[in-house]
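The lines below spell out each chain.
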Amino acid sequence: MAILTIEELAETLQPAQAIAGLDLGTKTIGLAMSDLSRRFATPRPVIKRVKFTKDAEVLLAFAEKEKVSAFIIGLPMNMDGSAGPRVQATRAFVRTMGEKTALPFIFWDERLSTVAAERALLEMDVSRAKRAERIDSAAASFILQGALDRLSALARSTG
(Lines give C-alpha, C1' and ligand atoms only; values in the text may rest on other atoms or scores of the structure.)
Protein backbone atom coordinates (compact mmCIF):
# COMPACT_ATOMS: atom_id res chain seq x y z
CA MET A 1 0.00 0.00 0.00
CA ALA A 2 1.17 3.45 -0.78
CA ILE A 3 0.24 6.82 0.59
CA LEU A 4 0.02 9.06 -2.45
CA THR A 5 -0.59 12.73 -3.06
CA ILE A 6 -3.57 13.64 -5.21
CA GLU A 7 -1.12 14.55 -8.00
CA GLU A 8 0.54 11.11 -7.82
CA LEU A 9 -2.87 9.46 -7.91
CA ALA A 10 -3.79 11.47 -11.01
CA GLU A 11 -0.72 10.05 -12.77
CA THR A 12 -1.47 6.42 -11.88
CA LEU A 13 -5.24 6.20 -12.37
CA GLN A 14 -6.56 4.42 -15.43
CA PRO A 15 -9.81 5.41 -17.17
CA ALA A 16 -12.99 4.01 -15.60
CA GLN A 17 -11.49 3.32 -12.18
CA ALA A 18 -13.71 4.25 -9.24
CA ILE A 19 -12.44 5.82 -6.03
CA ALA A 20 -13.87 5.56 -2.50
CA GLY A 21 -14.07 8.36 0.04
CA LEU A 22 -13.73 7.69 3.77
CA ASP A 23 -14.66 9.75 6.80
CA LEU A 24 -13.10 7.97 9.76
CA GLY A 25 -15.05 8.48 12.95
CA THR A 26 -14.69 6.85 16.35
CA LYS A 27 -17.99 4.95 16.01
CA THR A 28 -18.48 4.75 12.25
CA ILE A 29 -16.64 5.00 8.96
CA GLY A 30 -18.50 7.15 6.46
CA LEU A 31 -18.29 5.82 2.90
CA ALA A 32 -18.78 7.35 -0.52
CA MET A 33 -18.06 6.09 -4.04
CA SER A 34 -17.27 7.85 -7.27
CA ASP A 35 -18.85 6.91 -10.57
CA LEU A 36 -16.51 5.36 -13.17
CA SER A 37 -15.97 8.73 -14.85
CA ARG A 38 -14.94 10.14 -11.44
CA ARG A 39 -17.28 13.12 -11.68
CA PHE A 40 -19.71 12.47 -8.82
CA ALA A 41 -19.40 11.25 -5.25
CA THR A 42 -22.33 9.29 -3.86
CA PRO A 43 -22.79 8.51 -0.15
CA ARG A 44 -22.99 4.83 0.82
CA PRO A 45 -24.10 3.24 4.10
CA VAL A 46 -21.71 3.73 7.00
CA ILE A 47 -19.61 0.96 8.47
CA LYS A 48 -20.28 0.60 12.20
CA ARG A 49 -16.88 0.33 13.86
CA VAL A 50 -16.22 -2.71 16.01
CA LYS A 51 -12.46 -3.25 16.20
CA PHE A 52 -9.76 -2.64 13.64
CA THR A 53 -9.51 -6.16 12.22
CA LYS A 54 -13.27 -6.42 11.61
CA ASP A 55 -13.47 -2.83 10.31
CA ALA A 56 -10.66 -3.57 7.84
CA GLU A 57 -12.36 -6.78 6.64
CA VAL A 58 -15.64 -4.95 5.99
CA LEU A 59 -13.87 -2.07 4.26
CA LEU A 60 -11.79 -4.35 2.04
CA ALA A 61 -14.84 -6.48 1.15
CA PHE A 62 -16.59 -3.25 0.11
CA ALA A 63 -13.51 -2.24 -1.93
CA GLU A 64 -13.42 -5.59 -3.72
CA LYS A 65 -17.16 -5.59 -4.46
CA GLU A 66 -17.09 -2.01 -5.77
CA LYS A 67 -13.73 -2.41 -7.59
CA VAL A 68 -12.19 0.50 -5.67
CA SER A 69 -8.85 1.67 -7.11
CA ALA A 70 -7.92 4.09 -4.29
CA PHE A 71 -9.19 5.54 -1.02
CA ILE A 72 -9.45 9.26 -0.32
CA ILE A 73 -9.48 9.56 3.48
CA GLY A 74 -10.38 12.72 5.31
CA LEU A 75 -7.62 14.16 7.47
CA PRO A 76 -9.32 16.06 10.32
CA MET A 77 -6.91 18.99 10.68
CA ASN A 78 -7.61 21.68 13.26
CA MET A 79 -8.91 24.97 11.85
CA ASP A 80 -5.48 26.55 12.45
CA GLY A 81 -3.84 23.86 10.31
CA SER A 82 -2.31 21.95 13.21
CA ALA A 83 -2.66 18.19 13.65
CA GLY A 84 -4.51 16.96 16.73
CA PRO A 85 -5.22 13.49 18.12
CA ARG A 86 -7.79 12.66 15.38
CA VAL A 87 -5.13 13.24 12.69
CA GLN A 88 -2.79 10.85 14.52
CA ALA A 89 -5.58 8.23 14.77
CA THR A 90 -6.32 8.58 11.02
CA ARG A 91 -2.65 8.23 10.08
CA ALA A 92 -2.34 5.15 12.34
CA PHE A 93 -5.45 3.61 10.72
CA VAL A 94 -3.94 4.10 7.24
CA ARG A 95 -0.55 2.71 8.32
CA THR A 96 -2.23 -0.41 9.70
CA MET A 97 -4.44 -0.76 6.60
CA GLY A 98 -1.20 -0.75 4.60
CA GLU A 99 -0.42 -4.17 6.02
CA LYS A 100 -3.70 -5.51 4.62
CA THR A 101 -4.04 -3.98 1.15
CA ALA A 102 -2.06 -2.70 -1.80
CA LEU A 103 -4.70 -0.05 -2.56
CA PRO A 104 -3.33 3.49 -2.26
CA PHE A 105 -4.61 5.97 0.32
CA ILE A 106 -4.68 9.72 -0.27
CA PHE A 107 -5.08 12.07 2.69
CA TRP A 108 -7.50 14.92 2.05
CA ASP A 109 -7.95 17.97 4.29
CA GLU A 110 -11.49 17.57 5.54
CA ARG A 111 -11.90 20.80 7.48
CA LEU A 112 -15.56 21.82 7.42
CA SER A 113 -16.72 18.70 5.50
CA THR A 114 -18.99 17.65 8.39
CA VAL A 115 -20.33 21.20 8.65
CA ALA A 116 -21.06 21.23 4.90
CA ALA A 117 -22.68 17.78 5.09
CA GLU A 118 -24.85 18.85 8.03
CA ARG A 119 -25.93 21.99 6.17
CA ALA A 120 -26.82 20.00 3.04
CA LEU A 121 -28.87 17.51 5.06
CA LEU A 122 -30.67 20.37 6.82
CA GLU A 123 -31.46 21.99 3.48
CA MET A 124 -32.96 18.68 2.34
CA ASP A 125 -35.12 18.74 5.49
CA VAL A 126 -33.71 15.45 6.77
CA SER A 127 -34.90 14.68 10.32
CA ARG A 128 -32.44 14.84 13.23
CA ALA A 129 -32.42 11.03 13.64
CA LYS A 130 -31.78 10.45 9.92
CA ARG A 131 -29.07 13.17 9.90
CA ALA A 132 -27.21 11.36 12.68
CA GLU A 133 -27.33 8.18 10.57
CA ARG A 134 -26.22 9.85 7.36
CA ILE A 135 -23.77 12.56 8.44
CA ASP A 136 -20.58 10.46 8.18
CA SER A 137 -21.35 9.19 4.68
CA ALA A 138 -22.41 12.69 3.60
CA ALA A 139 -19.07 13.99 4.95
CA ALA A 140 -17.24 11.19 3.08
CA SER A 141 -19.06 12.31 -0.05
CA PHE A 142 -17.91 15.93 0.43
CA ILE A 143 -14.33 14.73 0.99
CA LEU A 144 -14.44 12.55 -2.13
CA GLN A 145 -16.09 15.25 -4.25
CA GLY A 146 -13.32 17.70 -3.34
CA ALA A 147 -10.70 15.16 -4.45
CA LEU A 148 -12.63 14.36 -7.66
CA ASP A 149 -12.82 18.08 -8.49
CA ARG A 150 -9.05 18.36 -7.94
CA LEU A 151 -8.40 15.31 -10.17
CA SER A 152 -10.56 16.90 -12.87
CA ALA A 153 -8.62 20.18 -12.61
CA LEU A 154 -5.32 18.29 -12.83
CA ALA A 155 -6.52 16.41 -15.93
CA ARG A 156 -7.51 19.71 -17.60
CA SER A 157 -4.15 21.33 -16.83
CA THR A 158 -2.12 18.42 -18.22
CA GLY A 159 -4.45 17.41 -21.05
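Keep in mind the model is a prediction, meaning the values are calculated, not measured.

Asks: Lay out the nonpolar core with the relevant residues and their values.
Replies: Of all hydrophobic cores here, the largest spans 24 residues; its most connected members are Leu 22, Leu 59, Val 68, Phe 71, Ile 73 and Phe 93. For this core, the elements supplying multiple residues, two or more each, are strand E2 (18-24), strand E3 (28-34), helix H2 (52-66), strand E5 (68-75), helix H3 (85-97) and strand E6 (105-109). The dominant element in this core, judged by the number of residues it contributes, is H2, at five residues.

Asks: With reference to specific residues and values, describe the environment of Gly 81.
Replies: As for its placement among the helices and strands, Gly 81 is situated in the loop between E5 and H3. When its relative accessible area of 33% is taken as the criterion, Gly 81 is described as partly exposed. Along the backbone, Gly 81 and Asp 109 are 28 residues apart, and their C-alpha atoms lie at a distance of 9.4 Å.

Asks: Tell me about the packing of aromatic side chains, residues and numbers included.
Replies: Across all of its chains, the model carries two aromatic pairs by this definition. With a centroid separation of 5.5 Å and 75° between ring planes, the pair formed by Phe 52 and Phe 93 is classed as edge-to-face. One end of the pair, Phe 52, is in helix H2; the other, Phe 93, is in helix H3, and 41 residues separate them in sequence. For Phe 93, a relative accessible area of 5% translates into the label buried. Where Phe 71 meets Phe 105, the ring centres are 4.9 Å apart and the plane angle is 25°; that geometry is what we call stacked. Note that Phe 71 is positioned in strand E5 and Phe 105 in strand E6, a separation of 34 residues in sequence. The class of Phe 71 is buried, set by a relative accessible area of 0%. Taking relative accessible area as the criterion, Phe 105 reaches 0% and is therefore assigned buried. Between Arg 91 and the ring centre of Phe 107, over which it is positioned, the NZ or CZ distance is 4.9 Å.

Asks: Which residues make up H2, and what values go with them?
Replies: Because each turn of an α-helix spans 3.6 residues, side chains separated by three or four positions end up pointing in the same direction. If you check H2, its first and last C-alpha atoms are 21 Å apart, about what 15 residues at 1.5 Å a residue would give, namely 21 Å. Three or more residues of H2 are buried, namely Asp 55, Ala 56, Leu 59, Leu 60, Phe 62 and Ala 63. Projected down its long axis, H2 shows its buried positions confined to an angular sector of 155°, all on one face. In this structure, H2 carries Glu 64 and Lys 65 as exposed residues pointing more than 90 degrees from its buried face. Contacts from the buried residues of H2 go to E2, E3, strand E4 (41-48), E5 and H3. At the C-terminal side of H2, Lys 67 shows a positive phi close to 55°.

Asks: For the pattern of salt bridges, give the residues involved together with the corresponding values.
Replies: Going through the model one piece at a time under the given rule, you end up with four salt bridges. For the salt bridge of Asp 55 with Arg 49, the shortest nitrogen-to-oxygen distance reads 3.1 Å. Note on Asp 55: relative accessible area 2%, which makes it buried. The class for Arg 49 is partly exposed, based on a relative accessible area of 27%.

Asks: Give me the side chain of Ser 141: which residues, what numbers.
Replies: Secondary-structure assignment places Ser 141 in helix H5 (residues 128-158). Look at Ser 141 and you get buried, because its relative accessible area is 11%. Among all residues touching Ser 141, those that are not within four sequence positions of it are Ala 32, Ala 41, Thr 42 and Pro 43.

Asks: Can you lay out the layout of surface pockets for me, pointing to particular residues and giving the numbers?
Replies: Taken as a whole, the largest pocket spans an internal volume of roughly 380 Å³. In terms of lining, the largest pocket is formed by 20 residues, of which the most central are Arg 38, Leu 151, Ser 152, Leu 154 and Ala 155. Of all the elements in the fold, those that place two or more residues in the lining of the largest pocket are helix H1 (6-12) and H5. Residue composition of the lining of the largest pocket, grouped by class: nine nonpolar, five polar and six charged.

About the cut-offs
- Residues numbered from 1 in each chain as written.
- Predicted model: local features only at pLDDT ≥ 70, side-chain atom pairs only at ≥ 80, totals over all residues.
- Heavy atoms only, no water.
- Core = buried A, V, L, I, M, F, W, Y, C linked by side-chain atoms within 4.5 Å.
- Buried < 20%, exposed > 50% of the residue type's maximum accessible area, 1.4 Å probe, protein only.
- Helix = DSSP H or I, 4+ residues; strand = E, 2+ residues; numbered from the N terminus.
- Phe/Tyr/Trp six-rings, centres within 6.5 Å; stacked < 30°, edge-to-face > 60°.
- Lys NZ or Arg CZ within 6 Å of the ring centre and 35° of its normal.
- Expected span 1.5 Å × (residues − 1).
- Arc of directions from axis to C-beta.
- Contact = heavy atoms within 4.5 Å.
- Salt bridge = Lys/Arg side-chain N within 4 Å of Asp/Glu carboxyl O.
- 1 Å grid on protein atoms, 1.4 Å probe; cavity = no way out; pocket = protein on both sides within 12 Å on 5 of 7 lines; lining within 4 Å.
- Points joined across faces, edges and corners; volume = space filled by probe spheres on them.
- Nonpolar A, V, L, I, M, F, W, Y, C, P; charged D, E, K, R; others polar.

Purely geometric numbers; function is a separate question.
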